[in-house]
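Secondary and tertiary structure notes
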Amino acid sequence: MFYGASTTSRGDDNYIRNNNFYGSRSYGAYFISQSGLRFQNNFVNAKFCTSYGLYMSTGGQYLTSAATEISGNKVINAIGSYAVYLSSITNSGATRGLFANNMISFESTSAGVYFTSSDQWDIYHNSINQYAGAATYGLYSTSSGNFFKNNVFAMNSPTASTAGYALYSSANVGSGNVDYNVYWNPRSANAMYHAGAY
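Remember, it's a predicted structure, so these values are computed and weren't measured experimentally.

The rules behind each value
- Residues numbered from 1 in each chain as written.
- Predicted model: local features only at pLDDT ≥ 70, side-chain atom pairs only at ≥ 80, totals over all residues.
- Heavy atoms only, no water.
- Helix = DSSP H or I, 4+ residues; strand = E, 2+ residues; numbered from the N terminus.
- Buried < 20%, exposed > 50% of the residue type's maximum accessible area, 1.4 Å probe, protein only.
- Contact = heavy atoms within 4.5 Å.
- Areas by Shrake-Rupley, 256 points an atom, 1.4 Å probe, with all protein chains shown as cover.
- Pairing = 2+ DSSP bridges.
- Polar contact = N/O pair within 3.5 Å; in protein donor to acceptor, adjacent residues only side chain to side chain.
- Salt bridge = Lys/Arg side-chain N within 4 Å of Asp/Glu carboxyl O.
- Core = buried A, V, L, I, M, F, W, Y, C linked by side-chain atoms within 4.5 Å.

The secondary structure content of the protein chain amounts to zero helices and 24 strands. The buried share among the 198 residues of the protein chain stands at 55%. Here the contacts in the protein chain between residues at least 6 apart in sequence split such that 77% fall between residues at least 24 apart. Accessible surface, the protein chain as shown: approximately 8200 Å² in total, 48% of it carbon and sulfur.

In structure tokens form, the structure reads like this:
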């Protein structure tokens, strides 16, 4: 777990690279009040975590000119609510956050990846796969200015009974910014929701 001292005295420019997170019971990896955090090339095995695989809250681009980056990671979550949960991790339009080249496998009860109040992210080249469980969303975003390109969203659970969306984005960021994705959602007539169901 990494904590900044407060919301006005955050941890600044921390790099978390090439680590294995395994064996915890609540969170696989937990970060709060971080500015310009880079979480890269890590393996988070959260099969036994009851909450979240990767949790980040109250951070983004504050004390540094660098945006938050989450890239090249593998996250497995089996019994928790979310594999990846980002809350209030906001970047600027000029220096956007990067969520890229991650492999997310989940059996979560809610969603694989969740962005809430976490704006201005480039969400590119990720593979998000629901292999079991009752989750109804692959990636769920209620944030603004997030772009989704070249991702694979697959809802493969054989046991889930409720139809949902492989990608859900409540904000309309323009069709050109939700592009070149692959959707697999055989339980539903709709593959994704982007200010409307498609």
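Picking up where we left off.
Strand order in the open sheet formed by seven strands is S3-S7-S10-S13-S16-S19-S22, and the pairing between neighbours is parallel. Two strands close off the open sheet at either side, each with one partner strand: strand S3 (15-17) and strand S22 (178-179). Sheet analysis places strand S19 (residues 147-149) next to S22, joined by two bridges and oriented parallel. Each residue of the ladder has a partner; that of Lys 149, found in S22, is Asp 179.

Position of Asn 185 relative to the elements: it lies in the loop between strand S23 (182-184) and strand S24 (192-194). Residue Asn 185 is classed as buried on the basis of its relative accessible area of 8%. A polar atom in the side chain of Asn 185 sits 3.0 Å from the backbone oxygen of Asn 190. Residues contacting Asn 185, with those up to four places away along its chain left out, are Met 155, Gly 164, Tyr 165, Ala 166, Asn 190 and Ala 191.

Moving on, we come to the pattern of salt bridges. Tallying each qualifying case throughout the model produces two salt bridges. In this structure, the salt-bridge partner of Arg 38 is Asp 13, at a minimum N-O distance of 2.7 Å. Residue Arg 38 is located in strand S7 (residues 38-40), and its partner Asp 13 is located in the loop between strand S2 (11-12) and S3; the two are separated by 25 residues in the primary sequence. Taking relative accessible area as the criterion, Arg 38 reaches 12% and is therefore assigned buried. Accessibility expressed as a relative area gives 28% for Asp 13, which makes it partly exposed. Asp 122 serves as the salt-bridge partner of Arg 96, at 2.6 Å between the closest nitrogen and oxygen. On the criterion of sequence distance, the pair formed by Arg 96 in the loop between strand S12 (82-90) and strand S13 (97-100) and Asp 122 in strand S16 (residues 121-124) is long-range, its members being 26 residues apart. This pair shows no difference in class: Arg 96 is buried, exactly as Asp 122 is.

Okay, the pairing of strand S21 (residues 165-169) next. Burial analysis of S21 places five of its five residues in the buried class, which makes it a mostly covered element. Here strand S18 (residues 137-141) runs beside S21; their pairing, made up of four bridges, is parallel. Paired with Leu 139 across the two strands is Leu 167, which belongs to S21.

Glancing now at the environment of Asn 41. Structurally, Asn 41 can be placed in the loop between S7 and strand S8 (43-46). C-alpha separation for the pair Asn 41 and Asn 101, spaced 60 residues apart in sequence, amounts to 9.3 Å. Here Asn 41 is in contact with Asn 18, Asn 19, Ser 71, Gly 72 and Asn 73, once residues within four sequence places are set aside.

So, about the nonpolar core. Within the largest apolar cluster, 37 residues are counted, with the highest numbers of intra-cluster contacts made by Phe 39, Met 56, Val 84 and Leu 139. Tallying contributions element by element places S12 first for this core, with four residues. Among the nonpolar cores identified, the runner-up in size contains 11 residues, and Tyr 52, Ala 111, Tyr 114 and Tyr 168 belong to it.

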